[in-house]
Each structure stands twice: as structure tokens, then as C-alpha cells.
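Listed here are the chains, written in short residue letters.
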Amino acid sequence: MTSPSPVRHFLRDDDLTPAEQSEVLDLAAALKADPYASKPLAGPQTVAIIFDKPTLRTQASFVAGIAELGGNPMVVDGTLAQIGTRESIADVARVLGRQASLIVWRTYDQSRIDEMAAHAGVPVVNALTDQFHPCQTLADLLTIREHKGATAGLTMTFLGDSACNMGHSYLISGALAGMHVRVSGPEGFGPDPALLARAQEIAAGTGGSAAFVADPKAAAEGADVLITDTWVSMGKESEAIDRAEVFRPWQLNEHAVALGAPGAIVLHCLPAYRGKEITAEVLDGPQSVIWDEAENRRHAQKAIMSYLLRPSSLSRRGE
């Protein structure tokens, strides 16, 4: 009698190998071209989607994507569930794992989703934690592929709070994709050194590179992809006024875009605050592919859910 295959999760960007990331992106492109061709959740099987933090694109794209895959999206209000307070994360995981084929969670510290995955018995997908936002970077890589034809060898620059989840996920996902990743932010807002080292380790095997570049002009110079995000991540709203002055040199504006390579594209995971981290002229300008990026959340998330549900998708951590 053969033992059951280990459950596969997507908790951080490097839960995929470079080859697997490419396969998921290929699948995302195919699902975008024919949104109703694949129904791995037919039944319909239920997917539990839990939100501890505010959401628009994440909820809309997961709900629509699960429906297109033939499934039933069960949205759980994390503020009502009080996971980890009213009852333990482990107990919630055991309950939801018997009600759903897959669990999607937008929460706070990475340790919370790691604990959910340890006890759920079904695939768990990170829909954003304080440390990573891997579904967003899959969507971004899909968008880059669409507009640039490939990812390997391109230079991708992130300007802003490089200590945030987006800075971390761009470093790792870009390295997996063979890109030259630069993240740039003010002193005290650099990436976690361990995650930068992890990205550099990955890049050594993919032909890419990963670096923190303190000077925003040097970081933008020659970039094929220019990216920013809000200067004030969820939970840090009290720092908004102070951050506005500190981050001003890292604004993604027409001067920064002019430093980029000819035909450079602009990304922003949204919500955007025009006149702060990005100017209206850039966000709404000809080099912005931000609305394609927002749409691609649905296709990328459909792909990662489909991939995790494949019987052949074995967990590297369990091998």
C-alpha cells in the first residue's frame, strides 16, 4: 500500500523551484487565454478564503477565480473568527481542513500561516502576510512576461519600503525567474538580510542577481521594470506623515522612469496614492501596465491553486 502524497503549500515565493515557477506561469497564461477550460474544483469543491486584513483585489480575484475553476468560494471574516484568540490556529486549521479542499489566508505574521499549513491537511495559500506576498509577485511576473516576452535577464527595480512584504517577495520571486532584482529604500528600510541572502543564493543558480541599492537613481538606472508600493503598509498607518518626507526621493515619477531602460514598464500592486509613492502621470501613463497586473492576480492565483491540487505536485519540503 502506497502512502499518500505530502500536501503542497504556497506560503512564500521559494516554495516553488525556478522550473515550477515557470510551469505555474505557463499555466496562468493558458488559463487566461481560456478561463473556463479547466475545472479542478468541479463538484463544486469549497475553498476557504480568510481575511484578517483589508482587501479588494485579493478577495475579488480569488472569488472570481475559484468560481471559474468550478469551485465554491467560502469567505471567512477573520475579525469575526478571531483566529488565534477565540480558538487556536491549529484547531481552526483542523476544522477548515475538513470543510474545504484548499485554504487561502490573508493574515499578519508568517508564523500564523505556517501553523495553519502544519495542521490543515489540505493545501494552504498565502494571500499576504507581513513578510511575503507571493500571489502578487506571480501576477507581476505574468504581466512582465506578457509585455516583455520573458523574465530572465531583465532588470527589475523596486523603489520604496524594501523592508516590507513586497520588497522581500520581489527579491525571491525575481531571483527564481532569473532576473536582476534591485530593491531600494531609505536607511533603516532595507530588506531582511536573511531574505536578501536567500535571494542571492537562488540567483546564483538562475543567472540572475539580487541587491539592495541605497541610491534610488542608481537603482532605477537601466531598469526594464520599475515598481513601487505604498510607503505605509497595513498596520503602520501612524507613521504616514513621517514616512512621506523620508521616502520622497524614492517616489516613482517621470524622472525615475526616464532613468529606466527604453520601453520600461511600471508596476504597482495597489492601492496607489497618487502624488505620494507614485505620480498620477506615471500611474496613468503609457508605460503603466498596472491594470493588466491587477487583472492577472486572478489568472496567477487560479494557476497556483490548480498546481497545488495536482496529484503529482509533491512537497519539496517533505522529500
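Please refer to the structure placed before this passage.
Residues numbered from 1 in each chain as written. Predicted model: local features only at pLDDT ≥ 70, side-chain atom pairs only at ≥ 80, totals over all residues. Heavy atoms only, no water.

**Brief notes about the overall build of the chain**
Our working definition: Secondary structure elements are defined from DSSP: runs of H or I of at least 4 residues count as helices, runs of E of at least 2 residues count as strands, and each element is numbered from the N terminus. Based on C-alpha atoms, the radius of gyration is set beside the globule rule, defined as 2.2 Å times the residue count to the power 0.38. The contact definition used throughout considers only heavy atoms, calling two residues in contact when any of these lie within 4.5 Å. The Shrake-Rupley method, run with a 1.4 Å probe, gives the accessible areas here. Residue values count only the displayed protein chains as cover. In summary, the charge assignment counts Lys and Arg as positive and Asp and Glu as negative, without counting His or the chain termini. We put the charge of a Lys on NZ, of an Arg on CZ, of an Asp on CG and of a Glu on CD.
When helices and strands are tallied, the chain shows 13 helices and nine strands. For 319 residues, the compact-globule estimate of 2.2 N^0.38 gives 20 Å, and the chain sits close to it at 19 Å. Across its three principal axes, the chain shows a C-alpha extent of roughly 60 × 40 × 35 Å. By sequence separation, contacts in the chain at least 24 residues apart represent 76% of the contacts at least 6 residues apart. Put simply, the chain shows about 13100 Å² of open surface, and 54% of that area lies on carbon and sulfur atoms. Counting 27 positive and 38 negative side-chain charges, the chain places the centres of these two groups 4 Å from one another.

**Observations regarding the sheet that holds strand β5 (residues 155-159)**
Convention followed: In this scheme, strands are said to pair when DSSP sees at least two bridges between them. Here an axis means a line fitted to C-alpha atoms, over the contact stretch when the element is a helix, while the angle between two N-to-C directions is reported on a 0 to 180 degree scale.
Spatial ordering of the open sheet is given by β7-β6-β5-β8-β9, a layout of five strands whose pairing is parallel. A single partner strand is all that each edge strand has here, and the edge strands are β7 (209-212) and β9 (265-268). Put simply, the sheet's adjacent strands are angled 15° from each other on average, direction ignored. Note: β5 against strand β6 (residues 180-184), five bridges, orientation parallel. Within β6, the residue paired with M156 across the bridge is V181. Its contacts with the sheet put helix α6 (residues 134-148) on β5, β8 (225-228) and β9, and the angle it makes with β9 is roughly 165°.

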